[in-house]
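Chain by chain, the residues run as shown.
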Amino acid sequence: MKGLRLHTAGLSVAVLILLVFLTALPCRKVSGQEWPFFADVPAARPVITRLSAVPDLKGKKQFHTIRNFKLGGNYEPGRKESYEFGGRGGVTLESLGYGPLRTAYIAVGTPKRNQAGKITNAIVINSYYSGDSTNMYFFWHEGQPGTEFSNGPVVGPGRLIDTDEYYVVFLDSLGLWGASKPSDGLGLQFPDYSYADIVQVSYRLLKDKLGVEKIRLATGVSMGGSLCYVWALLHPEFVDAILPIAANSTPDNVARWIFQLMNAGLTSDPVWRQTNGDYYHLPGNQRPAQGLMFGWSILSLTALTFDHRSQQAWEYVKGDVFYWDPENGAGKNLIERAEDFDTNDMIVRNRTCLKYDISDHLHEIKSNTLVLHAYTDQWLIYEKAKETADKIPGARIVGFESPLAHYSCFRAPHVCKKDVSSFFRDIGLGPEDETQ
């Protein structure tokens, strides 16, 4: 079988960021006290970016290290033995004078085990382009403020994803927040990781750290939804079903355009150009920020439908509009976002996402599949999502309308609750009562 270079990293899905509501979260300065003190990680290593996107939830996050994992290599679906610890031809962080690789997660719910003590009822929730496990927990878990935006909790006792019945693992994705990332110190020497790398790192976490034998369901929004396809492709015997939301199997032309514009803005930042991307010796307030602000502004422009944006007051909209010298609240959201993210982290995320393409392998997916996608999505076009679903044997897609366009992905499980509940019953998951 021809080798597949699953360069899936930031996928068009990547664009998720949830600008509107994520920017409402308090922006906190990085504290060295956040660093998890592993015996094999130097305590003196500087922390450039936070380990948790939602500071109030950082105490829920757990960490795991994986030694000698190869990033940026080739993956050949069907030859699992060839990518147990990364793809062929990849490089380890240790070989670059760093490492071992770090990942992170939040686990909740009720594990059920077989006679060998392995967990057989796991559900995994992948994180999106700019998010982490604390973000998805914030938007979907019972009792969290973000569930108001999501039209209610998705995860919790008696919910669609029932923590009384299932062991639920919210995953960080390689490249941001609690997982290993360029801003840990390697900068642009950090390998161009792929979607396959992201999934395989999580696979090692589930198998080696948590003792998971079977994933009953893999789900996620935006990039997290696209990762579902890779889970099913790389580990068909491990994943029973997938529920990709606002996802695709390769960036369409619109997504490619957006990511290219964003990276052009990031690398045009005056500080980035002066330092050639090697700026970690500078104090935090002197590192590249304007390129990040411009990049997020590009994403915000098409995050919601134009009709919806046009109806909003300019006083609200201007917080996402880029200015070289912002004042009177203009660019406020962009300023906060630039404080939270690192330029090189986003360059690598976008660069690898542009190479993501598994469209020729979709027919190999055997997992039960239900796709949820907004007709109005302006980042990942519905028709492309339908083409993806049509190539997967037995897959079904459910479309819905929303002025929130791509951001409606957080609400999709509730907007499409009847279809999701029916799908869950068909695969042996979820409540019997659709009105629950």
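This text follows the structure it describes.
Report follows, based on the coordinates. (Residues numbered from 1 in each chain as written. Predicted model: local features only at pLDDT ≥ 70, side-chain atom pairs only at ≥ 80, totals over all residues. Heavy atoms only, no water.)

**Re the packing of aromatic side chains**
Taken as a whole and judged by the stated rule, the model has 21 aromatic pairs. Considering the side-chain rings of Tyr-128 and Phe-410, the 5.5 Å spacing of their centres and the 90° angle between planes classify their relative orientation as edge-to-face. Here the residue Tyr-128 occupies a position in the loop between strand E3 (122-126) and helix H2 (133-140), and Phe-410 occupies one in the loop between strand E10 (396-400) and helix H13 (412-415), the gap between them amounting to 282 residues. Three or more aromatic residues joined by ring pairs form one cluster here, namely Tyr-128, Phe-138, Phe-139, Phe-149 and Phe-410. A cation sits over an aromatic face here: Arg-204 above Phe-85, 4.3 Å from the ring centre. Of note, Arg-411 hangs over the ring of Phe-149, and the distance from its end group to the ring centre comes to 4.8 Å. (Phe/Tyr/Trp six-rings, centres within 6.5 Å; stacked < 30°, edge-to-face > 60°. Helix = DSSP H or I, 4+ residues; strand = E, 2+ residues; numbered from the N terminus. Lys NZ or Arg CZ within 6 Å of the ring centre and 35° of its normal.)

**Focus on the pattern of salt bridges**
Scanning the entire structure with this criterion turns up 24 salt bridges. The residue Asp-192 makes a salt bridge to Arg-351 at a minimum N-O spacing of 3.0 Å. In this pair, Asp-192 sits in the loop between strand E6 (167-171) and helix H3 (195-209) while Arg-351 sits in helix H11 (residues 343-353), placing the two residues 159 residues apart along the sequence. Put simply, Glu-387 and Lys-384 hold a salt bridge, and the shortest N to O gap is 3.9 Å. Pair noted here: Glu-387 and Lys-384 are both in helix H12 (residues 382-391), with a separation of three residues, about one helical turn. Residue Glu-387 is classed as partly exposed on the basis of its relative accessible area of 40%. Its relative accessible area of 37% is what places Lys-384 among the partly exposed residues. When salt bridges with common partners are traced through the structure, they connect Glu-76, Arg-79, Glu-81 and Arg-88 into a single cluster. (Salt bridge = Lys/Arg side-chain N within 4 Å of Asp/Glu carboxyl O. Buried < 20%, exposed > 50% of the residue type's maximum accessible area, 1.4 Å probe, protein only.)

**A few points about the layout of surface pockets**
Put simply, the second largest pocket is a space of about 150 Å³. In terms of lining residues, the second largest pocket is bounded by Ser-297, Ile-298, Ser-300, Leu-301, Phe-306, Arg-309, Ser-310, Val-317, Asp-320 and Val-321. Of all the elements in the fold, those that place two or more residues in the lining of the second largest pocket are helix H7 (290-301) and helix H8 (306-311). When residues in the lining of the second largest pocket are grouped by element, the largest group, four residues, is from H7. Of the residues in the lining of the second largest pocket, the class split is five nonpolar, three polar and two charged. (1 Å grid on protein atoms, 1.4 Å probe; cavity = no way out; pocket = protein on both sides within 12 Å on 5 of 7 lines; lining within 4 Å. Points joined across faces, edges and corners; volume = space filled by probe spheres on them. Nonpolar A, V, L, I, M, F, W, Y, C, P; charged D, E, K, R; others polar.)

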